[in-house]
Amino acid sequence: MVELSVQTFNEKVNSLIGQTGDFRLTEIWNRCHAHLKPFDEFLPLPDTQYKTCPLCHSDRAIEVVAHLGFGADYWAENGLVRYCCECGEYALPDERYQDYAAQALLWAQHHGCKTDYSQLQRVDARLWWTTPKVLSIEPTTKCNFSCWYCVGRHVKQEDISLEDFAKVLEHFPSLEAVVLVGQGEPIMNQAFFPMVRLAKQRHLRVLSVSNGSTFSTSNVQKICESGIDYISISIDSINPDTFAESRCDGNLQQVLRGIKRLSSYRDEHGYKYPVLGIKGTLFNHTKDQLVDIIQLAKEHGIDILEFFQPLNRKKSYVDIYPEDKKGLVEEFDEVQEIINKGYEMNILPTADDFSACENIPLSKGRPNGLRKNCDEEWMYSLVSGDVIPCCQLTAPVDTNWNLINNPIDSILMDKHYERTRFNLFNGLFPPYCEGCYQTR
Ligand SMILES: C[S@@+](CC[C@H](N)C(=O)[O-])C[C@H]1O[C@@H](n2cnc3c(N)ncnc32)[C@H](O)[C@@H]1O
Ligand code: SF4
């Protein structure tokens, strides 16, 4: 064993860093997986995110996360590597490299082997070493409401068939929970209850989101008998006029009666499920109602405060808003602040409490705990079976990512899919993310 102190190792590294021109990280990266590279067309980043390229010295380098393989066995994980948009080369940022070096050294000493810079042979920047367990799938794009802010009113109106839903489940053997939601009212799909039953037969947890307008006596009975675990219901306002103004064709009293009917039926007939949640969209002119909405929901039998959201400011959403409403997105931060305070009121248990108690993973803002800058921990599918890298997309990105036609593993390992996830993970957003709050 060759003993190296941290000091001598770092001196060695520093001397080698002086020769970065000879070190072919780009060659190693491309040999490992050339497809994992930043989008050429990613949205401009704030100036502060651009670094100096150690090779060409331009100020156009960005940092991406990679794992570096030293020697036969050792991986220094989640290190930052610089990719230069100017010269197209990958390089080790010198001030960061010492962290890898120190880790490599400690590992080497612990295992009794010699590790140094010259043994950096492999790069891995893939994200999928675990398979997602939760799929959110759109049962339909149809709806009996026509909320003015809903992108679902501007796409083709269609359902997924029970047969195609069954194929999706077959193609996703690692699945533990399925969330029936999208840009439509799930119950409008005639196959909604058969889909729930099918998923329950496969021992999946089943969740859904509803506008709460269809909880008739017969539907309430079907909902409880289906075994569905959780339904969250959207309420935007406690004022019937304001409610009707945003949820066009919506009748607040009818929704409240439906919630009461469902919670009473469930309790009177001894069903444990569905647990009922409340969510909704808040505006500047309704933000002061948040506490009253939660209180009213609780009085009608709602169990969980899921979440409220301000009006979506993503460009593809704003494009469909009526001209006189587009300016409302400017209220985003103000409304979000009120929403955050609402969570602190402790009027109802939160979605986190529900998730912990029922052992159903929630979307935590990172895919499998890996991605820091975009919203998805779960997988999302459109009504067409096309997987989308974020729930806020309404059109497929790549039709090869289709769960009706392809097993999940082939999608996860598709080179374009991996590259897309790699970029989102690194906060490098493609044009279709424009305007999303995550890109700010
Ligand atoms: C798309 S809907 C689908 C499920 C069901 N039809 C409903 O309304 O609850 C799911 C949630 O997204 C919210 N939503 C829809 N479009 C939105 C937008 N442009 N901005 C913010 N929230 C929106 C709705 O208020 C609802 O709470
Ligand atoms: S109820 Fe839901 S799906 Fe229907 S129009 Fe409103 S937001 Fe869209």
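For the structure, see preceding data.
This text gives an overview of the structure that appears in the document. (Residues numbered from 1 in each chain as written. Chains lettered and ligands numbered in written order. Predicted model: local features only at pLDDT ≥ 70, side-chain atom pairs only at ≥ 80, totals over all residues.)

**Comments concerning the packing of helix H4 (residues 162-170) against helix H5 (residues 192-201)**
What counts, and what does not: Axis angles are defined between N-to-C directions and span 0 to 180 degrees, where every axis is a line fitted to C-alpha atoms and, for a helix, only to the segment in contact. Each helix is a run of H or I in the DSSP string that is no shorter than four residues. Each strand is a run of E no shorter than two, and both are numbered from the N terminus. An angle counts as roughly parallel when it lies under 35 degrees, as roughly antiparallel when it exceeds 145, as roughly perpendicular when it falls between 65 and 115, and as oblique in every other case. Handedness of each helix crossing follows the sense of rotation of the near helix against the far helix: counterclockwise by less than a right angle gives left-handed, clockwise gives right-handed. We call two residues in contact when their backbone-placed C-beta atoms lie within 7 Å. Gly falls in the polar group here, along with every residue not listed as nonpolar (Ala, Val, Leu, Ile, Met, Phe, Trp, Tyr, Cys, Pro) or charged (Asp, Glu, Lys, Arg).
Across the interface, H4 lies against H5 with an axial gap of 10 Å and an inter-helix angle of 25°. The angle between H4 and H5 places the two elements in the roughly parallel class. The interaxial crossing formed by H4 with H5 has right-handed handedness. On H5, the residues touching Leu162, Phe165, Ala166 and Leu169 of H4 are Pro194, Met195, Leu198 and Ala199. Partitioning the contact of H4 with H5 into residue classes produces eight nonpolar, no polar and no charged.

**Brief notes about the sheet that holds strand E11 (residues 379-381)**
In sheet architecture, strand pairing relies on hydrogen bonds along the backbone and comes in two forms, parallel and antiparallel. What counts is decided by this rule: Two strands pair under a simple rule: DSSP has to find at least two bridges between them.
Ordered by their spatial adjacency, eight strands build an open sheet running E10-E9-E8-E7-E6-E5-E11-E12, and the pairing between neighbours is mixed. At either end of the open sheet lies a strand with only one pairing partner, and these are strand E10 (304-310) and strand E12 (387-388). In this structure, strand E5 (residues 134-137) lies alongside strand E6 (residues 177-180), joined through four bridges in parallel fashion. Note on E6: the bridge partner recorded for Val134 is Ala177. The sheet strands contacting helix H9 (residues 290-299) are strand E9 (275-282) and E10, and the helix crosses E9 at an angle near 155°.

**Re the site of ligand 2**
This is how the line gets drawn: Being near a molecule or strand means, for a residue, that its backbone-placed C-beta atom lies within 6 Å of it.
Taken together, the neighbourhood of ligand 2 is formed by Cys143, Phe145, Ser146, Cys147, Cys150, Gly152, Arg153, Gln183, Gly184, Glu185, Asn211 and Arg247. Here the residues of the shell around ligand 2 are counted per class, giving four nonpolar, five polar and three charged.

**Here's the deal with the site of ligand 1**
Ligand 1 sits among 17 residues. The nearest are Tyr149, Asn211, Ser234, Thr281 and Asn312. Secondary-structure elements contributing two or more residues to the shell around ligand 1 are strand E7 (205-210) and E9. With three residues, E9 is the single largest residue contributor to the shell around ligand 1. Looking at the shell around ligand 1 residue by residue, the class counts come to seven nonpolar, eight polar and two charged.

**Side note on the environment of His300**
Along the chain, His300 turns up in the loop between H9 and E10. In this structure the C-alpha to C-alpha distance between His300 and Leu256, which are 44 residues apart in sequence, comes to 6.7 Å. Leave out the neighbours within four places in its chain, and His300 touches Leu256, Ile259, Lys260 and Ser263.

Bear in mind that shape data such as this cannot, by itself, settle questions of function.
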